[in-house]
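Single-letter residue listing:
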Amino acid sequence: QVQLVESGGGLVQAGGSLKLSCTASGRISGIGTMGWYLQAPGKQRELVASITSGGVTNYADSVKGRFAISRDNARNTVNLQMNSLKPDDTGDYYCNANWLHTYAGLLRDYWGQGTQVTVSS
């Protein structure tokens, strides 16, 4: 069974740092663009950052210069280094793969279970 498993969330003071990781497990032979999305309390889920299999990155304006996304294709892992955190960064962070090529076929728009980040002021 294919899973996206996130880790690294927690409680941090404003100005602090956290690193989120997401690993795709299962019989996977390829993954498309991977991204991190934030669902803040009472708000819709929004893109924070994404990275293609070739390493092209995209960031929400609100995190540019503070967050860095990276991936290790050999380990099917995507990371999000979050620095200079603000209370507005609080919420549930979800890992996404826009497609995964697996033994069972092609899976599209695949999500992890989420990891919570709380930034205190």
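Residues numbered from 1 in each chain as written. Predicted model: local features only at pLDDT ≥ 70, side-chain atom pairs only at ≥ 80, totals over all residues. Heavy atoms only, no water.

K.L.:
Looking at this model, I keep getting lost on the overall build of the chain. Mind explaining?
P.N.:
Secondary structure summary: the chain contains 0 helices and 12 strands in total. Going from the N terminus to the C terminus, the chain shows its helices and strands as β-β-β-β-β-β-β-β-β-β-β-β. At 14 Å, the chain has a C-alpha radius of gyration in line with the 14 Å of a compact globule built from 121 residues. Each of the three principal axes of the chain carries a C-alpha extent, and together these read 45 × 25 × 20 Å. The proportion of buried residues among the 121 residues of the chain is 41%. Restricting to contacts in the chain with at least 6 residues of sequence separation, those with at least 24 account for 57%. Accessible surface, the chain: about 6,500 Å² in total, of which carbon and sulfur atoms supply 45%. (Helix = DSSP H or I, 4+ residues; strand = E, 2+ residues; numbered from the N terminus. Rg over C-alpha atoms; globule rule 2.2 N^0.38 Å. Buried < 20%, exposed > 50% of the residue type's maximum accessible area, 1.4 Å probe, protein only. Contact = heavy atoms within 4.5 Å. Areas by Shrake-Rupley, 256 points an atom, 1.4 Å probe, with all protein chains shown as cover.)

K.L.:
Can you walk me through the side chain of Glu-6 in this structure?
P.N.:
Tracing the sequence through the fold places Glu-6 in strand 1 (residues 3–7). The charged side chain of Glu-6 is buried without a salt bridge, its nearest counter-charge being Arg-45 at 7.5 Å. Reaching out from Glu-6, the side chain makes a polar contact with the backbone nitrogen of Gln-113 at a distance of 3.0 Å. Excluding residues that lie within four positions of it along the chain, Glu-6 makes contacts with Ser-21, Cys-22, Trp-36, Tyr-93, Tyr-94, Cys-95, Gly-112, Gln-113, Gly-114 and Thr-115. (Lys, Arg positive; Asp, Glu negative; His and termini not counted. Salt bridge = Lys/Arg side-chain N within 4 Å of Asp/Glu carboxyl O. Polar contact = N/O pair within 3.5 Å; in protein donor to acceptor, adjacent residues only side chain to side chain.)

K.L.:
Is there a simple way to explain the nonpolar core in this structure?
P.N.:
Most often, soluble globular proteins have nonpolar side chains that are buried together. Trp-36, Leu-80, Met-82 and Tyr-93 are the most contacted members of the largest nonpolar core, which totals 29 residues. Looking at this core, the elements with two or more residues in it are strand 3 (18–25), strand 4 (28–31), strand 5 (34–39), strand 6 (45–51), strand 8 (67–72), strand 9 (77–82), strand 10 (91–102) and strand 12 (115–120). (Core = buried A, V, L, I, M, F, W, Y, C linked by side-chain atoms within 4.5 Å.)

K.L.:
Can you help me understand the pattern of salt bridges in this one?
P.N.:
The tally for this structure, following the rule as stated, stands at 3 salt bridges. Among the ionic pairs, Asp-61 bridges to Lys-64, the shortest N-O distance being 3.0 Å. By relative accessible area, which is 64% here, Asp-61 ends up exposed.

K.L.:
Can you help me understand the state of the cysteines in this one?
P.N.:
Disulfides are covalent bonds that link the sulfur atoms of two cysteine residues. Inspection of every chain in the model, using the stated rule, returns 1 disulfide. A sulfur-sulfur separation of 2.1 Å characterises the disulfide bridge that pairs Cys-22 with Cys-95. What sets the handedness of the Cys-22 and Cys-95 disulfide is the S-S torsion sign, and at about -80° it is left-handed. Taken together, the residues Cys-22 in strand 3 and Cys-95 in strand 10 connect sequence positions 73 residues apart. In terms of burial, Cys-22 and Cys-95 fall into one category: buried. (Disulfide = S-S within 2.5 Å.)

K.L.:
Whenever I open this one, the sheet that holds strand 1 confuses me. Can you help?
P.N.:
The pairing of strands in a sheet comes from backbone hydrogen bonds and takes either a parallel or an antiparallel form. What the 4 strands build is an open sheet, ordered 1-3-9-8; its pairing is antiparallel. Whereas interior strands pair on both sides, the edge strands pair on one side only; in this sheet they are strand 1 and strand 8. This sheet shows a mean twist of 15° between the axes of neighbouring strands, independent of strand direction. Sheet topology places strand 8 next to strand 9; 6 bridges connect them, and they run antiparallel. The residue of strand 9 that forms the bridge with Asp-72 is Thr-77. (Pairing = 2+ DSSP bridges. Axes fitted to C-alpha atoms, helices over the stretch in contact; angles between N-to-C directions.)

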